[in-house]
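# Descriptive structure summary
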Amino acid sequence: MQFQALALLLLTALASCCHALDPFAQADVRGGHTGAAGPQKSDQWRDPGPWNEDFRGAIEQVGGSWNALQVQSPLVNYTSDVFLEKEDDIATYRIPSVVQISHPKTGPAILLAFAEARKSSSSDCGRKSVVVKSSTDMGRTWSKMRNVYGLDVDKIVAGNQMVVVDESTNTVFCHFSTSPVGVACSPSKCNWQTSSSDGGETWSKPANISAVMGPYLGVSPGPGDALQLTKVKPGRLIFAGHYGAYREDIVWCSDDHGETYWRPNVTFPKMDEATLTQLANGSVLLNMRNA
């Protein structure tokens, strides 16, 4: 069955069970940083409908490729491909998300596009890693693919990334989950955080945040972007995820710029993939998939 998902570019603005596969068992959330094709138009273009003027473009995923849609804004008049099926010897790319940050030195906007790079098949539990590409020209061109999580993809299944920008520190936080290859991956076995403060060029040594999840260890974040509040509790970071297929959803938060996390005493039974937004009145809307 062909999967299609539309991602809009908003251009304004991981537990003892883990130690066997945990090369970062002593990692601190504040750990140091380590370094880490031509356009093809989609032949399955579809009109995304009316546009809010704050949105400048769109991308659709058809099969394993992200293909640029025709842009419907007078401010942007171009298309570009971000992740293409078979590119970099990857069978398919899934679970896309995009964030915008300011360049740490020069100031102009940088777009960071994230995806799961599924090495040999489209299987959710197959060999995969979290990857990112960047653009400094509002999506006209994109950098080479880089690994956010740099483990051997033949040994670790890493994915379900959920990303957010801390606007007060210009830091990008990426939460994701991992399992050993060949083991059921929903729920996963470990939860992690990595961050970047240099525009996505390098990423911190992943920190094991599984203890935060309690009985929901291995929860799968996302998909999509996490949330930073601008009202009521300005600066708070909020992530959401699902614990197994249609079993239970949870959220977890940070009030100190990603150094520590806590989990509210509320869960959402029989839910699955989740995403968040803050409404104009300051309320947080949690949108979840169910059977």
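Because the structure is a prediction, the values reported are computed rather than measured. (Residues numbered from 1 in each chain as written. Predicted model: local features only at pLDDT ≥ 70, side-chain atom pairs only at ≥ 80, totals over all residues. Heavy atoms only, no water.)

Our focus in this paragraph is the overall build of the protein chain. Within the protein chain, the regular secondary structure consists of one helix and 20 strands. Working note: accessible area of the protein chain is about 13500 Å², and carbon and sulfur atoms make up 51% of it. (Helix = DSSP H or I, 4+ residues; strand = E, 2+ residues; numbered from the N terminus. Areas by Shrake-Rupley, 256 points an atom, 1.4 Å probe, with all protein chains shown as cover.)

Along the chain, Lys270 turns up in the loop between strand 18 (268–269) and strand 19 (274–278). On the basis of relative accessibility, which here comes to 64%, the residue Lys270 falls in the exposed class. C-alpha separation for the pair Lys270 and Glu248, spaced 22 residues apart in sequence, amounts to 5.3 Å. Those residues in contact with Lys270 that sit more than four places away from it in its chain are Tyr246, Arg247, Glu248 and Asn290. (Buried < 20%, exposed > 50% of the residue type's maximum accessible area, 1.4 Å probe, protein only. Contact = heavy atoms within 4.5 Å.)

A few words now on the pairing of strand 11 (residues 190–196). Moving residue by residue along a regular strand, the side chains alternate between the two faces of the sheet. Among the seven residues in strand 11, seven count as buried, and that is most of the element. Neither face of strand 11 is open: one carries Cys190, Trp192, Thr194 and Ser196, the other Asn191, Gln193 and Ser195, and all of them are buried. Pairing geometry for strand 10 (residues 171–180) and strand 11, over seven bridges, is antiparallel. What sits directly across from Cys174, in strand 11, is Thr194. As paired elements, strand 11 and strand 13 (residues 207–208) share two bridges and run antiparallel to each other. When the bridges of strand 13 are listed, Trp192 appears paired with Asn208. (Pairing = 2+ DSSP bridges.)

Close approach of charged atoms lets side chains of opposite charge pair. Per the counting criterion, the structure on display carries seven salt bridges. Of the charged contacts, one joins Lys119 and Asp89 as a salt bridge, the two residues approaching to 3.0 Å between their closest N and O atoms. Placement of the pair is Lys119 in the loop between strand 6 (109–118) and strand 7 (128–135) and Asp89 in the loop between strand 4 (65–68) and strand 5 (92–102), with a sequence separation of 30 residues. When its relative accessible area of 24% is taken as the criterion, Lys119 is described as partly exposed. A cluster of three or more residues bridged by salt bridges with shared partners is formed by Glu116, Arg118, Asp124 and Lys128. (Salt bridge = Lys/Arg side-chain N within 4 Å of Asp/Glu carboxyl O.)

Let us look at the packing of aromatic side chains. Inspection of the entire model under this criterion finds five aromatic pairs. A ring pair is formed by Tyr216 and Tyr243, whose centres lie 5.6 Å apart and whose planes are at 90°; its orientation type is edge-to-face. Of this pair, Tyr216 sits in the loop between helix 1 (210–213) and strand 14 (220–221) while Tyr243 is found in strand 16 (residues 237–243), placing the two residues 27 residues apart along the sequence. The pair Tyr216 / Tyr243 is uniform in exposure class, with both members buried. Taken together through their ring pairs, the aromatic side chains of Phe239, Trp252 and Tyr261 make up a single cluster. (Phe/Tyr/Trp six-rings, centres within 6.5 Å; stacked < 30°, edge-to-face > 60°.)

Counting residues in hydrophobic clusters, the biggest one holds 24 residues, and the most contacted among them are Met213, Phe239, Trp252, Tyr261 and Leu276. Elements with a minimum of two residues in this core: strand 9 (156–166), helix 1, strand 16, strand 17 (248–254) and strand 19. Ranked by the residues each element gives to this core, the list is headed by strand 16, at five residues. Judged by nonpolar contacts, the second largest core, of 19 residues, contains Ile101, Ile110, Val163 and Trp203. (Core = buried A, V, L, I, M, F, W, Y, C linked by side-chain atoms within 4.5 Å.)

Take the pairing of strand 16 next. Among the seven residues of strand 16, seven are classified as buried, and the element is accordingly described as predominantly covered. Side-chain alternation along strand 16 places Leu237, Phe239, Gly241 and Tyr243 on one buried face and Ile238, Ala240 and His242 on a second face that is also buried. Pairing of strand 14 with strand 16, which is carried by two bridges, proceeds in the antiparallel orientation. Looking across to strand 16, one finds that Ser220 is bridged to His242. Note: strand 15 (residues 227–228) against strand 16, two bridges, orientation antiparallel. Residue Leu227 lies in a different strand from strand 16, and its bridge partner there is Ile238.

It is worth spelling out the confidence of the model for the protein chain at this point. When the pLDDT values of the protein chain are averaged, the result is 77; 72% of them are 70 or greater. Note on residues 1–64: pLDDT is under 50 here. Beyond four places in sequence and across chains, it has 151 contacts. Within the model, the stretch residues 68–72 combines pLDDT values under 50 with 22 contacts to residues more than four positions away or in other chains. (pLDDT = per-residue confidence, 0-100.)

Next up on the list: the environment of Val284. Following the sequence through the fold, Val284 ends up in strand 20 (residues 284–288). Counting along the chain gives 53 residues from Val284 to Lys231, while the straight-line C-alpha distance between them is 9.8 Å. The residues touching Val284, leaving out its near neighbours within four places in the chain, are Leu227, Leu229, Ile238, Leu276, Thr277 and Gln278.

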